[in-house]
Amino acid sequence: MPITKRRRLVLRSAATCVAIALGATALTACGSSEDDSEAESGPVSLTYWTWTPGMDKVVDLWNEGPGKKDRITVTVKKQASGDTLVTKILTAHKAGKAPDLVQAEYQALPTLVSNDAVADIAGDVGDAKGKFADGVWQQTTLGTDAVYAVPQDIGPMMFYYREDLFKKYGLTVPTTWEEFAKTARALKKKAPDTDLTTFSANDSGLFAGLAQQAGAKWWTTSGDKWNVGIDDAATQKVAEFWGDLVKEGAVDNQPMYTPAWNKALNTGKQIAWVSAVWAPGTLTTAAPDTKGKWAMAPLPQWSESDNVTGSWGGSSTAVTTDSGHKAAAAKFAAWLNTDGDALQALAKESGIYPAATNAQTSGAFATPPDYFSNQSDFYAKAAEIAKTTAPSAWGPNVNVAYTTFKDAFGKAAKDKSDFGAALTTMQDDTVADLEKQGFEVSE
């Protein structure tokens, strides 16, 4: 992200407009599309940067159907994902050469907005909002009246467990986090060499989703200042919960996605996993010998009366401010992520779990994943869980927070030391980075 002497992001909830002040220069990205007449007259050629596999086949449906009718052609340019793509977008935007459309992870949107790289398309996406759960749609608005992207895929979190081993050890599926901790301890007493799960300090997105479920708001705005609440009460509760379990040895403290972790899942040395809707694909590779032995349930809650989940992963389709055809690009983005045929093609060709609620139980999602063929209601249950996704609160330097998490929590997990201190480090580093970049931060 470019560094300026003085920089702030102002989110105006009363108007579909975001003003970004860079030094003495004010740039404004508002909800009107000046290219409407041009888009209507066509023909229009758009470029779309995305990492999603098979996207070219999905886009072919547009080019041969609605796009052909409206004379709007989209060309896919495959890219790397994550921070690599964000950096490339910002570099291209600085030169005024960003593509018309970009795939953006939800946590990357504030960075793109604060750099005036993506446009407000609120006036060009029709009734798209009604196709998504409120908590999902909110991730593309940043809590304002603006709309910076259309949700594409989501990762609602849930609890996976070895059904056969829970029965063997006389365990009950936990519905609260208190029960989760009791279950972990009970398993240790019955099978000392077996763990319920592990706390993985490699996975900042998992921790962020758990904090989100608890009600955390890591980044918020007040006037023209950012508030950083990574060490808020909700996140402290989550950190303390997992820190205590790691300290007493009730759960493992090793990272996920390693050969050792795969072996633990495949041999029954770990019998549960807090994950997201995309877990079946990972388990197919990590624990192939246990196919048909797992089941999925809602994430444990902090109180019995709660019904909320966090989100781990997911992305959206945004229109850049460099595009000369914003209305046309927004029309394609809305089609891609709300049209029934497009969504089924995305499921088939790209393997995504759609953000749009109308596609979560039909077509490719009418039957369970092959790995979970024993749970016929897998996707019906997943769709109900997805509706309870908590709102998120991302900021302009998620990458810094995530890097600090891996360093600070990685050491704390390895040493079985204070997770609260690691959280303080994460908070302090994130605030320091915002101030270094020139953002105004509330004390």
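Note that the structure is predicted; figures quoted are calculated from it, not measured.

1. Some details on the pattern of salt bridges
Where side chains of opposite charge bring their charged atoms close, a pairing between them can arise.
Right, on to step 1. By the definition in use, this model includes nine salt bridges.
Right, on to step 2. Note that Asp164 is salt-bridged to Arg162, the shortest N-O span being 2.8 Å.
Right, on to step 3. Taking relative accessible area as the criterion, Asp164 reaches 30% and is therefore assigned partly exposed.
Right, on to step 4. When its relative accessible area of 5% is taken as the criterion, Arg162 is described as buried.
Right, on to step 5. Between Arg185 and Glu248 there is a salt bridge, with its nearest N and O atoms 2.9 Å apart. Taken together, the positions of Arg185 in helix 8 (residues 177-190) and Glu248 in the loop between helix 10 (233-247) and helix 11 (259-267) put the pair 63 residues apart, joining distant regions of the chain.
Right, on to step 6. Among the residues examined, Arg185 registers a relative accessible area of 33% and is labelled partly exposed.
Right, on to step 7. Using a relative accessible area of 43% as the deciding quantity, one classes Glu248 as partly exposed.

2. Thoughts on the packing of helix 9 (residues 204-214) against helix 10
Right, on to step 1. Packing of helix 9 against helix 10 leaves a shortest axis separation of 8 Å and a crossing angle of 125 degrees. The orientation of helix 9 with respect to helix 10, classified from their angle, is oblique. In the packing of helix 9 onto helix 10, the handedness of the crossing is right-handed. Of the residues in helix 10, those touching helix 9 at Phe207, Leu210, Ala211 and Ala214 are Ala234, Thr235, Lys237, Val238, Ala239 and Trp242.
Right, on to step 2. Tallied by class, residues from the contact of helix 9 with helix 10 come to eight nonpolar, one polar and one charged.

3. Focus on the nonpolar core
Right, on to step 1. Residues Phe199, Trp218, Trp219, Trp242, Val274 and Phe409 are the most contacted members of the largest nonpolar core, which totals 124 residues.
Right, on to step 2. Examining the composition of this core, we find that eight residues originate from one element, helix 16 (residues 398-415), more than from any other.
Right, on to step 3. Counting 20 residues, the second-largest nonpolar core is a separate cluster that includes Val86, Ala104, Val118 and Ala318.

4. Points about helix 8
The α-helix advances 3.6 residues per turn, and as a result positions three or four apart in sequence lie on the same side.
Right, on to step 1. Spanning 14 residues, helix 8 covers 20 Å between terminal C-alpha atoms, matching the ideal 20 Å at 1.5 Å per step.
Right, on to step 2. Of the positions making up helix 8, those classed as buried are Trp177, Phe180, Ala181, Thr183, Ala184 and Leu187. Down the axis of helix 8, the buried set is contained in an arc of 160 degrees. They therefore lie on one face. Of the exposed residues in helix 8, those oriented more than 90 degrees away from the buried face are Glu178, Lys182 and Lys189.
Right, on to step 3. Among the structural elements, strand 7 (150-162), helix 7 (163-168), helix 9, helix 10 and strand 10 (272-276) are those in contact with the buried residues of helix 8.

5. A closer look at the side chain of Thr404
Right, on to step 1. Looking at the secondary structure, you find Thr404 in helix 16.
Right, on to step 2. If sequence neighbours within four positions are ignored, Thr404 has contacts with Phe409, Thr425, Met426 and Asp429.

6. Focus on unusual backbone geometry
Right, on to step 1. Here the phi dihedral of Arg71 falls at roughly 60 degrees; this positive angle occurs in a residue that is not glycine.
Right, on to step 2. Mapped onto the elements of the fold, Arg71 is located in the loop between helix 3 (66-70) and strand 5 (72-78).
Right, on to step 3. Backbone geometry places Tyr257, a non-glycine residue, at a positive phi of 65 degrees.
Right, on to step 4. When you line up the elements, Tyr257 lands in the loop between helix 10 and helix 11.

7. Comments concerning the packing of aromatic side chains
Right, on to step 1. In this structure the tally under the stated criterion is 42 aromatic pairs.
Right, on to step 2. Taking 5.9 Å as the distance between ring centres and 15 degrees as the angle between the ring planes, the aromatic pair formed by Phe159 and Tyr161 counts as stacked.
Right, on to step 3. Judged by relative accessible area, which is 0%, Phe159 ranks as buried.
Right, on to step 4. Measuring from centroid to centroid gives 6.2 Å for Phe207 and Trp218, while their planes differ by 40 degrees, and the two rings are tilted. In this pair, Phe207 is assigned in helix 9 and Trp218 in the loop between helix 9 and strand 8 (219-222), connecting sequence segments 11 residues apart.

8. As for the environment of Leu142
Right, on to step 1. Relative to the elements of secondary structure, Leu142 occurs in the loop between helix 6 (134-137) and strand 7.
Right, on to step 2. Overall, the relative accessible area of 17% leaves Leu142 in the buried class.
Right, on to step 3. A sequence separation of 253 residues divides Leu142 from Gly395, and the C-alpha atoms of the two residues are 9.0 Å apart.

Criteria and thresholds
Residues numbered from 1 in each chain as written. Predicted model: local features only at pLDDT ≥ 70, side-chain atom pairs only at ≥ 80, totals over all residues. Heavy atoms only, no water. Salt bridge = Lys/Arg side-chain N within 4 Å of Asp/Glu carboxyl O. Buried < 20%, exposed > 50% of the residue type's maximum accessible area, 1.4 Å probe, protein only. Helix = DSSP H or I, 4+ residues; strand = E, 2+ residues; numbered from the N terminus. Axes fitted to C-alpha atoms, helices over the stretch in contact; angles between N-to-C directions. Parallel < 35°, antiparallel > 145°, perpendicular 65-115°, else oblique. Left-handed = near helix turned anticlockwise from the far one by under 90°. Contact = heavy atoms within 4.5 Å. Nonpolar A, V, L, I, M, F, W, Y, C, P; charged D, E, K, R; others polar. Core = buried A, V, L, I, M, F, W, Y, C linked by side-chain atoms within 4.5 Å. Expected span 1.5 Å × (residues − 1). Arc of directions from axis to C-beta. Phe/Tyr/Trp six-rings, centres within 6.5 Å; stacked < 30°, edge-to-face > 60°.

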